[in-house]
Amino acid sequence: MVIVILLILGLCLGSFVNALVWRINKKKDWVRGRSVCVHCNHALAAKDLIPVISWLWLRGKCRYCHKPISWQYPAVETVTALLFVSSYAFWPMAFDGVGTTLFVFWLILLTGFVALAVYDIRWQLLPNKIVYFFMLVAAAQALTLVLVFDGGPEQMGQIALSFLVGGGLFYLLFQLSSGRWIGGGDVKLGALLGLVLAQPQLTLMMIFAASLLGTVVSLPLLAANKLKRDSHIPFGPFLIAGAIVARLFGAAIMTWYEQHLLG
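Please read these numbers as outputs of a predicted model, since none were measured by experiment.

Peer 1: Teacher, can you tell me more about the overall build of the protein chain here?
Peer 2: Across its full length, the protein chain carries nine helices and zero strands. Its C-alpha atoms give the protein chain principal-axis dimensions of roughly 65 × 50 × 35 Å. Scored against the burial criterion, the 263 residues of the protein chain give a buried share of 41%. In the protein chain, the proportion of contacts linking residues at least 24 apart, taken out of those at least 6 apart, comes to 67%. In the form shown here, the protein chain has an accessible surface area of approximately 14,600 Å², with 68% of it arising from carbon and sulfur atoms. Measuring between centres, the 19 positive side-chain charges of the protein chain sit 19 Å from its 10 negative side-chain charges.

Peer 1: What is the right way to read the environment of Leu 6 from this model?
Peer 2: Its location among the elements puts Leu 6 in helix α1 (residues 2-25). When its relative accessible area of 6% is taken as the criterion, Leu 6 is described as buried. Excluding anything up to four places from it in sequence, Leu 6 contacts Phe 84, Val 85, Tyr 88, Phe 103 and Leu 107.

Peer 1: Explain the packing of helix α6 (residues 152-176) against helix α8 (residues 200-223) here, please?
Peer 2: Each pair of packed helices can be summarised by the angle the axes make with each other and by the distance between the axes. Relative to each other, α6 and α8 sit at 25°, their axes nearing to 8 Å. In terms of orientation, α6 and α8 fall into the roughly parallel class. The crossing of α6 and α8 is right-handed. Mapping the contact onto sequence places Gln 158, Leu 161, Ser 162, Val 165, Gly 166, Leu 169 and Phe 170 in α6 and Pro 200, Gln 201, Thr 203, Leu 204 and Ile 207 in α8.

Peer 1: Teacher, can you tell me more about the pattern of salt bridges here?
Peer 2: Tallied over the entire structure, the rule returns one salt bridge. The partner of Asp 48 in a salt bridge is Arg 63, with the nearest N and O atoms 2.6 Å apart. Taken as a pair, Asp 48 in the loop between α1 and α2 (53-57) and Arg 63 in the loop between α2 and α3 (72-89) lie far apart in primary sequence, 15 residues in all.

Peer 1: Teacher, can you tell me more about helix α5 (residues 128-148) here?
Peer 2: With 21 residues, α5 should reach 30 Å at 1.5 Å per residue; the first-to-last C-alpha distance of 29 Å fits that figure. For α5, the set of buried residues is Ile 130, Val 131, Phe 134, Met 135, Val 137, Ala 138, Gln 141, Ala 142, Thr 144, Leu 145 and Val 146. Elements that come into contact with the buried residues of α5 comprise α1, α4 (97-123), α6 and α7 (184-197). Remark: Asp 150 follows α5 within two positions and exhibits a positive phi of approximately 55°.

Rules and cut-offs
- Residues numbered from 1 in each chain as written.
- Predicted model: local features only at pLDDT ≥ 70, side-chain atom pairs only at ≥ 80, totals over all residues.
- Heavy atoms only, no water.
- Helix = DSSP H or I, 4+ residues; strand = E, 2+ residues; numbered from the N terminus.
- Buried < 20%, exposed > 50% of the residue type's maximum accessible area, 1.4 Å probe, protein only.
- Contact = heavy atoms within 4.5 Å.
- Areas by Shrake-Rupley, 256 points an atom, 1.4 Å probe, with all protein chains shown as cover.
- Lys, Arg positive; Asp, Glu negative; His and termini not counted.
- Charge placed at Lys NZ, Arg CZ, Asp CG, Glu CD.
- Axes fitted to C-alpha atoms, helices over the stretch in contact; angles between N-to-C directions.
- Parallel < 35°, antiparallel > 145°, perpendicular 65-115°, else oblique.
- Left-handed = near helix turned anticlockwise from the far one by under 90°.
- Salt bridge = Lys/Arg side-chain N within 4 Å of Asp/Glu carboxyl O.
- Expected span 1.5 Å × (residues − 1).

Geometry only, nothing functional implied.
Below, the structure written as structure tokens:
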């Protein structure tokens, strides 16, 4: 039952992500207002907005102008739903007070991460509106850990260090390269993800995983001449993927490392 609920919730929030990134890009109100067709601006009815099902039923075309609806819409909805279910299946904590609270925060933050990844892929930009909003959510998570669950000064120190590692390393790269290697948005995203992960070792794992994924994706494209050495590849999605790996599997990876390579 939990998986079904998370699947439906993920599909609905994936639909919200699609609307959110489009509205922010078009500088429209991202909270109020009805969804419209991006081609003919016709207001969409409820039957047009059922995640994945409406797209399949309409065969990927607008009901009103019959122009194609991007595959991005069902893809984002499906990916968000799968991330929600996978997060539940691989959640590294017990579902007690702390674990359940952090899981709820994680689902909220995960929705923002998907929005940032989609926006960065489409427009190579990480909007401050999304980054700063979810920075507040991450700060609320940190305060909950420290104040509600008695994390204390040590927990606060770990969170602060994780935040500094995530933002500081990318700020250093940004300054050294004068913005050629990474953008300012990546600096803010790194700080946000460090705040979310709340442990410096997990933040370092995120950066390593993101760099590894970026290399794995880039090298075949370079070899196939589909990418030039001076081409710009958005790094935000790789950072977000690295954060997901660190959040869900970081503790298990560190335990394995300590047992097999240090012990």
